Amino acid sequence: MSLSKFESMLKTNNVYFFDLVEFEEIIVHYLDVGKHSLARKAVKLGMEQHPTSVDLKLLQIELLIFENKLEEATLLVNRLEVVSPKNDEVFIQKATILSKRGTHLEAIKNLEKALVFSDDKADIWSLIGMEYLYLDDYDNARLNFIKCIEVDFEDYSSLYNVVYCFDMQENHEQAITYLNSYVDKNPYCEVAWHQLGRQYFTLNMYKEALTSFDYSVLIDESFIGGYLEKAKTLEALNRFEEAIDNYLISLELDDPTAFAYTRVGECYERLGKTEIAIRYYKKAVHEDPLLDKSWLLLTNLYYDQKEYQKAAYYIGKALKIDDANPMYWQKYSDIHLKLNFFEETVKGYKKCIELGDIDLEVFTALSDVQLFLGDFNDALKTVFDAQKIYKDFAELEYRLAGLFFILNKENYGRGHLINGMKIDYEYHIIIKELYPTVFDNVKIQQLLKNYKKAIE
């Protein structure tokens, strides 16, 4: 009633009187729904009609803080502290300003002052906990959130924050101890069982995790998070059929997600049911075309089935989403090599190196394709680039030897061949595989025989 009366007044330019409670309700409503310009008008009119109201001034400060007018808010809150030195809300607003300025210890001091005058200490403990989180002081943050829970066992926000503190410190055993004591007192809390299961899962205690997730979904049969985590745990126990059942329950409870479809597909793939796996991966990419993981899973399945054209199509989809992923470019090259599309293969391996994939196999694969294409100087450059990173590797020395012999630079070739034999004589077989004409060279055969005699 007071809200419609206020909005009617704004339209007609008439001025109506509102009592203090009405103004507070109007301002809080506009702040909650994000209509700050209307909240500002209500504050202005309220202060005109009730100029001594501390509560309206506090709401005015809240609005100033939201608008980031911290200097103005600070002046007003300091004046208010003089007028109302035992008002907990004054110290809470002071703390909010100090927190926004990054002075979290000062904010905590003011919140501790607020505690002295407050009847609702849990809210302030929660605020103190958040300030300690900003300081990465997880011990003190956790202690304050635990105080909130001791007042209200159904304060799940604080419970999540307690677990978050344990997680950030990787104190999973302590988290398990705390959560077990919590469920002893509040056994029908699906949230606590769910969090307990997550801790067990992190420690690879899958049977204990499964029991916890079972309790969470028994308490709340519509708890999607519980079914998802239970399914993941069943996967870890290699119980893929049961995992699928739980993923499917989660899909029935809410709108389908690409994540759940993908996990179902992976379970079917592990069961060797590739056609069904493909069906679910396709459902995943239909649900979320930007989920590159599902495109990659499709790529890998078709690659393993030697359906390289389809694999090339799907790796192209993944690269459209993330063309800065060197793993995708390596798969792109592997597929195009199978298709005998050598220029595309070279393009992919070069992209891998550009993106920081400096694996030795990438360099050698690239140089071998360049050799096949007759781009001997390019192949030589690739091997030299690899040698800047990988010193004294037989794989590179023998390749350099073969390339220099092909380019009729026998002295260089002989030097690298000797280097390769010193590192790993047996690996000289790579010359026969990659450079058969060089291997058949009489001088090369003699050099290989002489070196073998010398080391016997």
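Right above here is the structure, for reference.
What counts, and where the lines are drawn
- Residues numbered from 1 in each chain as written.
- Predicted model: local features only at pLDDT ≥ 70, side-chain atom pairs only at ≥ 80, totals over all residues.
- Heavy atoms only, no water.
- Helix = DSSP H or I, 4+ residues; strand = E, 2+ residues; numbered from the N terminus.
- Buried < 20%, exposed > 50% of the residue type's maximum accessible area, 1.4 Å probe, protein only.
- Contact = heavy atoms within 4.5 Å.
- Core = buried A, V, L, I, M, F, W, Y, C linked by side-chain atoms within 4.5 Å.
- Salt bridge = Lys/Arg side-chain N within 4 Å of Asp/Glu carboxyl O.
- Phe/Tyr/Trp six-rings, centres within 6.5 Å; stacked < 30°, edge-to-face > 60°.
- Axes fitted to C-alpha atoms, helices over the stretch in contact; angles between N-to-C directions.
- Parallel < 35°, antiparallel > 145°, perpendicular 65-115°, else oblique.
- Left-handed = near helix turned anticlockwise from the far one by under 90°.
- Nonpolar A, V, L, I, M, F, W, Y, C, P; charged D, E, K, R; others polar.
- Expected span 1.5 Å × (residues − 1).
- Patch = residues over 30% accessible without salt bridge, like charges linked within 9 Å, V, L, I, M, F, W, Y side chains within 5 Å.
- Areas by Shrake-Rupley, 256 points an atom, 1.4 Å probe, with all protein chains shown as cover.
- Lys, Arg positive; Asp, Glu negative; His and termini not counted.
- Charge placed at Lys NZ, Arg CZ, Asp CG, Glu CD.

### A short note on the overall build of the protein chain
The helix and strand inventory of the protein chain stands at 28 helices and 0 strands. Burial statistics for the protein chain: of 456 residues in total, 46% are counted as buried. Taking as baseline every contact in the protein chain between residues at least 6 positions apart, the subset at least 24 positions apart corresponds to 48%.

### Quick word on the nonpolar core
Among the nonpolar cores identified, the biggest contains 47 residues, and Leu298, Ile315 and Ile335 are the most heavily contacted of them. Those residues in contact with Leu298, other than ones at most four positions away along the chain, are Ile278, Tyr281, Lys282, Val285 and Tyr314. Listed in part, the 40 residues of the second largest apolar core include Phe91, Ile149, Val162 and Trp193.

### Some words on unusual backbone geometry
Positive phi, normally seen in glycine, also occurs at Glu170, with a value near 55°. Residue position: Glu170 is located in the loop between α10 (156–168) and α11 (172–185).

### Examining the pattern of salt bridges
Evaluation of the coordinates by the stated rule reveals 18 salt bridges. Across the pair Glu344 and Lys347 runs a salt bridge whose closest N-O atoms are separated by 3.9 Å. Linking Glu344 with Lys347, this pair stays in helix α21 (residues 342–354), spanning 3 residues, or about one helical turn. Close ionic contact of Glu354 with Lys351 constitutes a salt bridge, the shortest N to O distance being 3.8 Å. Of this pair, Glu354 and Lys351 both sit in helix α21, 3 residues apart, which is roughly one turn of that helix. According to the relative accessible area criterion, Lys351 is partly exposed, its value standing at 27%. Residues joined by salt bridges that share partners form a network here, namely Lys381, Asp385 and Lys388.

### Describing the packing of aromatic side chains
Scanning all chains against the criterion turns up 19 aromatic pairs. Ring centres of Trp193 and Tyr215 lie 4.5 Å apart, and the angle between their planes is 35°; this geometry places the pair in the tilted category. Residue Trp193 is located in helix α12 (residues 190–202), and its partner Tyr215 is located in helix α13 (residues 206–219); the two are separated by 22 residues in the primary sequence. Using a relative accessible area of 40% as the deciding quantity, one classes Tyr215 as partly exposed. Between Tyr268 and Tyr280 the ring centres are 5.8 Å apart and the planes differ by 20°, which places this aromatic pair in the stacked class. Taken together, the residues span a long stretch of sequence, with Tyr268 in helix α16 (residues 258–270) and Tyr280 in helix α17 (residues 274–287) at a distance of 12 residues. For the pair formed by Tyr268 and Tyr280, the shared burial category is buried. Here a set of aromatic residues connected by ring pairs shows up, and it is made of Trp295, Tyr302, Tyr313 and Tyr314.

### Regarding the packing of α16 against α17
Two elements in contact, α16 and α17, have axes whose closest approach is 8 Å; the angle formed by their N-to-C orientations is 165°. If you check the angle between α16 and α17, you find them roughly antiparallel. Considering how the two elements wind past one another, α16 and α17 form a crossing that is left-handed. Taken together, the residues of α17 that come into contact with α16 (itself represented by Ala258, Tyr261, Thr262, Val264, Gly265, Glu266, Tyr268 and Glu269) are Ile276, Ala277, Tyr280, Tyr281, Lys283, Ala284 and Glu287. Residue composition of the contact of α16 with α17, grouped by class: 9 nonpolar, 2 polar and 4 charged.

### A look at the side chain of Ser212
With respect to the secondary-structure elements, Ser212 resides in helix α13. Judged by relative accessible area, which is 3%, Ser212 ranks as buried. The contacts of Ser212, once residues within four sequence positions are left out, are Trp193, Leu196, Gly197 and Tyr200.

### Some details on α17
Given a rise of 1.5 Å per residue, 14 residues ought to cover 20 Å, and the 20 Å separating the end C-alpha atoms of α17 matches this to within 8%. For α17, the elements touching its buried residues are α15 (240–253), α16 and α18 (292–304).

### Structural notes on the packing of helix α5 (residues 70–83) against helix α6 (residues 88–100)
Two numbers describe how α5 lies on α6: the axes approach to 10 Å, and their chain directions differ by 155°. As the angle between them shows, α5 and α6 are arranged roughly antiparallel. Our pair here, α5 against α6, has a crossing hand that is left-handed. In this structure, α5 contributes Leu70, Ala73, Thr74, Val77, Asn78, Leu80 and Glu81 to the contact, and α6 contributes Val90, Phe91, Gln93, Lys94, Ile97 and Lys100. Of the residues in the contact of α5 with α6, the class split is 7 nonpolar, 3 polar and 3 charged.

### Side note on a negative patch on the surface
A surface patch of like charges, here negative, comprises Asp32, Asp55, Glu62, Glu89, Asp119, Asp120 and Asp123. Residue Glu62 is classed as partly exposed on the basis of its relative accessible area, which comes to 36%.

### Regarding helix α14 (residues 224–236)
In this model α14 runs 19 Å from its N-terminal to its C-terminal C-alpha over 13 residues, within 8% of the 18 Å that 1.5 Å per residue would give. Taken together, the buried positions of α14 are Gly226, Tyr227, Glu229, Lys230, Ala231, Thr233, Leu234 and Glu235. On the buried face of α14, the contacting elements are α12, α13, α15 and α16. Just downstream of α14, Asn238 is the residue with a positive phi angle, here 60°.

### Comments concerning the side chain of Lys94
Tracing the chain through its elements places Lys94 in helix α6. For Lys94, a relative accessible area of 17% gives the class buried.

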